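These are the residues of each chain, in order.
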Amino acid sequence: MTTSRTTRFPTWLGLVQGVVLYALYKSHQDSLWPLEWGWLFNAVLLSALLLPFVAYWGQDVLSGRALRRLLLVSFMLVFGLGAYQGAMTFPLPDAHRLQLASGSAFLGLALLVFMLVPLTSGWARGSSGATLGGWDYPRLFEHAWRNAVVTIQAGALTGLFWMVLTLGTQLFHLIGVEWPKETIEEAWFAIPVTTLSIALGVRTGLRRAAFTVTLRNHWLTLTVWLLPLASLIGVAFVLTSLAGVGSLFERGLSAFFLLWFAAFWITFFNSAFQDGQSEPALHPVLRRLLPFAALALLAVVGLATWALLLRIQQYGLTPDRIWGALAAAVALTYGAGYAGSLRTEAGSRWMHGIAPANIVASLVMSAGIVLLLSPVLDANRLATASQMARLQSGQVAADDFDVRELTRQQRAGYDALVELQRQRGVDGRPSKLALRAEDAVNEASRYDYLFGGGEPERSGELVADLTGRIDRYPADQALPAGFNDFLRQDIASWETWQRHKSCFSGQKTRQRCVLLQTDLDRDGKDEVVLWRTSYENHPMVYAYSQGSWQRLGYLEEGEGNNSIESVRAELATGAYAIQPPRWGTLRIGKSRFQVFENAE
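Worth saying up front: this structure is predicted, and the values here are computed from it rather than measured. (Residues numbered from 1 in each chain as written. Predicted model: local features only at pLDDT ≥ 70, side-chain atom pairs only at ≥ 80, totals over all residues. Heavy atoms only, no water.)

**Looking at the sheet that holds strand 2 (residues 513–518)**
So, point 1. As summarised here, the arrangement of the five strands in space is 1-2-3-4-5, forming an open sheet in which the pairing is mixed. With partners counted over all chains shown, the strands left at the sheet margins are strand 1 (470–473) and strand 5 (548–554), one partner each. Each strand of the sheet is rotated relative to its neighbour by a mean of 25°, with strand direction disregarded.
So, point 2. In this sheet, strand 4 (residues 540–545) lies alongside strand 3 (residues 527–531) in antiparallel orientation, the contact comprising three bridges. Paired with Val528 across the bridge in strand 4 is Tyr542. (Pairing = 2+ DSSP bridges. Helix = DSSP H or I, 4+ residues; strand = E, 2+ residues; numbered from the N terminus. Axes fitted to C-alpha atoms, helices over the stretch in contact; angles between N-to-C directions.)

**Some points on the nonpolar core**
So, point 1. Leu227, Trp265, Phe269, Leu297, Tyr338 and Trp350 are the most contacted members of the largest nonpolar core, which has 81 residues in total.
So, point 2. It is helix 12 (residues 284–315) that provides the largest number of residues to this core, a total of twelve residues.
So, point 3. Discounting chain neighbours no more than four positions away, the residues touching Leu297 are Ala262, Trp265, Ile266, Phe269, Gly335 and Tyr338. (Core = buried A, V, L, I, M, F, W, Y, C linked by side-chain atoms within 4.5 Å. Buried < 20%, exposed > 50% of the residue type's maximum accessible area, 1.4 Å probe, protein only. Contact = heavy atoms within 4.5 Å.)

**Focus: the environment of Lys508**
So, point 1. Within the element layout of this structure, Lys508 appears in the loop between helix 20 (496–501) and strand 2.
So, point 2. On a C-alpha basis, the gap between Lys508 and Glu279 in space is 65 Å, while along the polypeptide they are 229 residues apart.
So, point 3. The contacts of Lys508, once residues within four sequence positions are left out, are Asp94, Arg469, His500, Ser502 and Cys503.

**Considering the side chain of Ser502**
So, point 1. When you line up the elements, Ser502 lands in the loop between helix 20 and strand 2.
So, point 2. Reaching out from Ser502, the side chain makes a polar contact with the backbone oxygen of Arg499 at a distance of 3.0 Å.
So, point 3. Contact partners of Ser502, with chain neighbours within four places excluded, come to Trp494, Lys508, Gln511 and Arg532. (Polar contact = N/O pair within 3.5 Å; in protein donor to acceptor, adjacent residues only side chain to side chain.)

**Focus: the pattern of salt bridges**
So, point 1. Inspection of every chain in the model, using the stated rule, returns 14 salt bridges.
So, point 2. For Arg139, the salt bridge goes to Asp136, with nearest N and O atoms at 3.7 Å.
So, point 3. By sharing partners, the salt bridges in this structure join Glu438, Asp439, Asp471, Arg512 and Arg568 into a single network. (Salt bridge = Lys/Arg side-chain N within 4 Å of Asp/Glu carboxyl O.)

**Here we look at the state of the cysteines**
So, point 1. Enumeration over the complete set of coordinates arrives at one disulfide.
So, point 2. Covalent S-S linkage joins Cys503 and Cys513, the inter-sulfur distance amounting to 1.4 Å. Of note, the bridge from Cys503 to Cys513 carries an S-S torsion of about 45° and is right-handed in sense. Within this pair, whereas Cys503 is found in the loop between helix 20 and strand 2, its partner Cys513 is found in strand 2, the two being separated by ten residues in sequence. Cys513 matches Cys503 in its accessibility class, with the two residues each being buried. (Disulfide = S-S within 2.5 Å.)

**Describing the pairing of strand 2**
So, point 1. With six of its six residues buried, strand 2 lies for the most part within the structure.
So, point 2. Burial along strand 2 is two-sided: the face carrying Cys513, Leu515 and Gln517 and the face carrying Val514, Leu516 and Thr518 are both buried.
So, point 3. Pairing of strand 1 with strand 2, which is carried by four bridges, proceeds in the parallel orientation. Residue pairing for strand 2: Ile470 is matched across the bridge by Cys513.
So, point 4. In terms of strand pairing, strand 2 meets strand 3 through five bridges, oriented antiparallel.

**Examining a nonpolar patch on the surface**
So, point 1. A grouping of Trp12, Leu15, Val16, Val19 and Val20 is seen on the molecular surface, where their side chains present a nonpolar patch of about 440 Å² in accessible area.
So, point 2. When you line up the elements, Val16 lands in helix 1 (residues 12–29).
So, point 3. Of the residues examined, Val16 reaches a relative accessible area of 38% and is grouped as partly exposed. (Patch = residues over 30% accessible without salt bridge, like charges linked within 9 Å, V, L, I, M, F, W, Y side chains within 5 Å. Areas by Shrake-Rupley, 256 points an atom, 1.4 Å probe, with all protein chains shown as cover.)

In structure tokens form, the structure reads like this:
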């Protein structure tokens, strides 16, 4: 097979990528980007992450002109979709740094860019024997597998490089030399060195194409023998399911597991088919029987799609279910195409439907990723519209509506929460749902673990007036004398992260503490229960005893196991009461045990 050669990418491209990524990292850490420029930051970040790989993967499979065109198309897609996703991030009320696009945007665009290279290099319209009249499938197969193998190889080598580097710094640490360890932990060193190592690993793999092919063939030869096993399991599952499909859904049939099983099964079919130029390394009897297993594959994917549609009908759309629908559509394309191989054609290769099905599935997946990450079919917008429609139609009660889910649906979810905050009851006061929506917005906290997104934890940054952050219940009851001074002393004993995440943090301008004064032990004196966030599961309990305030402990949820999304909303509407315990406490030595009855 001949391929057009292009200029080899310079190794320093990896170093340039690392320098750009470090500059983005540093500017993000130091909050140098205005919050309203989040669209530009995300577009540049995604472009810097993904475009160098187009140059890597296009080497030796595209001409210089074709590669430049592909780079331009890839840049337009990545930059445009990255800008849109960056503009649609959830606007955190206390954000000091701009927010990153969702993980689905990063993963979706990475998969899209990977598929574009072999789809472009495999295009061969007018060639004899072209699949679907436009693709040279053996060439597409060769290039896709080559790029996958060299990328995995580069990742493995980079991992080994860091293991050796880390062990080396530990050796210096043993003799009291700390600067090597401190150096490799610095972002200015770690980021460029990592991207340079990946570039070197890819370049080394591309220079040893014969080894890459050998490694690929070895892997495919090993995994082809899993095809009969997967087919046996799949066929047995389908035949067993025919006896009682209804019971499957009563047991909670999971589209997630069915689609993952189908994904592995499809992979093993491709291990046998490879580029379609030769018969698979299987017994002749298996070669005759396995095409019929494609019908079972189609049935498994059909059950997964059915389970997903039932879930959507019952609970509405979410971003995960929308992406799951795309996965189901791609899997149905595979299953239908593979099952179509049962139409025998004289002189046709084994399971001739695999090649066209793979190409169509790649096109469906690519188009789906573009649509769901774009304004055309924004997955978050569709999910929010679905959830709000269910609320407005009465399919879900206001008390059962999941406001937290909206905080995971980017700008569309934020706009819906702002709309919900405007709801008022017959007395003109905010409804419980409005209060829950307000708390969801104020306490939304995302991406604390990505790209240094978490705010710095500073133990001294507390608000000057603690009472200004406290919502008291009953609302007309003042704070007990001396409690404010005691609370400030108690806060000093909290862990740093507890102070930072609490409503008393100087950086959390919108979060509120919730305080309830009530007589928990029925001794005629009120105790104080303090929630440091509106969703805390273990609020602290304080009591005045022997002339001073003391922390008694905390409340722990028992019977019911129903998490409260907004304590403030429940207390504001009077949805609380003190109930005497039905069961006494069992004391054994120094341990105490309390009976919590089952929710049933």
